[in-house]
Amino acid sequence: MVITHLPELLGRRRMTQQQLAQETGIRPSTISNIYNDMCIRINIDYIDKICEVLDCRIDELFEYIPNEVKCTGKYLIKDPHGNREKP
């Protein structure tokens, strides 16, 4: 799984989600979803803008933690219609 360190980065800079949204041009609801680890996907352009404003690297913003239950490769389960399902 991928987790975000946006709360810590904003806290260190004493910046609010609203201020980040204004400086990046990213919708406040999108910033909130990233902040709360609620997004399924993130536009690469958004990552670039957030890193630029916060003066950080991608690995400071996000962290990869291996999943306890694998869900890719031989562990990938497909329904009868070919859509992916989590195990």
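Above this text is the structure in question.
In this report, the structure presented in the accompanying data block is examined. Treat the numbers as computed from the prediction; the structure is a model and nothing was measured.

### Observations regarding the pattern of salt bridges
Okay, so step 1: Overall, the coordinates contain two salt bridges when judged by the stated rule.
Okay, so step 2: The closest approach of N and O atoms between lysine 49 and aspartate 45, which form a salt bridge, is 3.5 Å. Here aspartate 45 and lysine 49 lie together in helix α4 (residues 44-54), a separation of four residues that amounts to about one turn.
Okay, so step 3: Among the residues examined, aspartate 45 registers a relative accessible area of 38% and is labelled partly exposed.
Okay, so step 4: Note that aspartate 59 is salt-bridged to arginine 57, the shortest N-O span being 2.9 Å.

### Brief notes about the side chain of threonine 4
Okay, so step 1: Residue placement: threonine 4 occurs in strand β1 (residues 2-4).
Okay, so step 2: Looking at threonine 4, its side chain comes within polar contact range of the main-chain nitrogen of leucine 6, at 3.1 Å.
Okay, so step 3: Beyond its immediate sequence surroundings of up to four residues, threonine 4 is in contact with Ile34, Tyr35, Asp37, Leu61 and Phe62.

### Some details on helix α2 (residues 17-24)
Okay, so step 1: Turning to α2, its buried residues are Leu20, Ala21 and Thr24. Angularly, the buried residues of α2 cover 100° about the axis, an arc narrow enough to put them on a single face. More than 90 degrees from the buried face of α2, the exposed residues found are Gln22 and Glu23.
Okay, so step 2: Elements that come into contact with the buried residues of α2 comprise α1 (6-12), α3 (28-35) and α4.

### Structural notes on unusual backbone geometry
Okay, so step 1: Located in the positive-phi region is arginine 14, a residue other than glycine, with phi close to 50°.
Okay, so step 2: Exposure remark for arginine 14: the relative accessible area of 76% places this residue in the exposed category.

### Considerations on α4
Okay, so step 1: Listed in full, the buried residues belonging to α4 are Ile47, Ile50, Cys51 and Leu54. Burial along α4 is one-sided: seen end-on, the buried residues are contained in an arc of 95°.
Okay, so step 2: Tucked into the core, α4 has its buried residues touching α1, α2, α3, α5 (58-61) and β2 (62-64).
Okay, so step 3: Just downstream of α4 lies aspartate 55, where phi reads positive at about 50°.

### Some points on the packing of α2 against α4
Okay, so step 1: The N-to-C vectors of α2 and α4 enclose an angle of 110°; their axes lie 10 Å apart at closest approach. Looking at the two axes, α2 sits roughly perpendicular to α4. For the crossing formed where α2 meets α4, the hand is right-handed. Contact residues: Leu20, Glu23 and Thr24 in α2; Lys49, Ile50, Val53 and Leu54 in α4.
Okay, so step 2: Of the residues assigned to the contact of α2 with α4, the class counts are four nonpolar, one polar and two charged.

Quick notes on the rules
Residues numbered from 1 in each chain as written. Predicted model: local features only at pLDDT ≥ 70, side-chain atom pairs only at ≥ 80, totals over all residues. Heavy atoms only, no water. Salt bridge = Lys/Arg side-chain N within 4 Å of Asp/Glu carboxyl O. Helix = DSSP H or I, 4+ residues; strand = E, 2+ residues; numbered from the N terminus. Buried < 20%, exposed > 50% of the residue type's maximum accessible area, 1.4 Å probe, protein only. Polar contact = N/O pair within 3.5 Å; in protein donor to acceptor, adjacent residues only side chain to side chain. Contact = heavy atoms within 4.5 Å. Arc of directions from axis to C-beta. Axes fitted to C-alpha atoms, helices over the stretch in contact; angles between N-to-C directions. Parallel < 35°, antiparallel > 145°, perpendicular 65-115°, else oblique. Left-handed = near helix turned anticlockwise from the far one by under 90°. Nonpolar A, V, L, I, M, F, W, Y, C, P; charged D, E, K, R; others polar.

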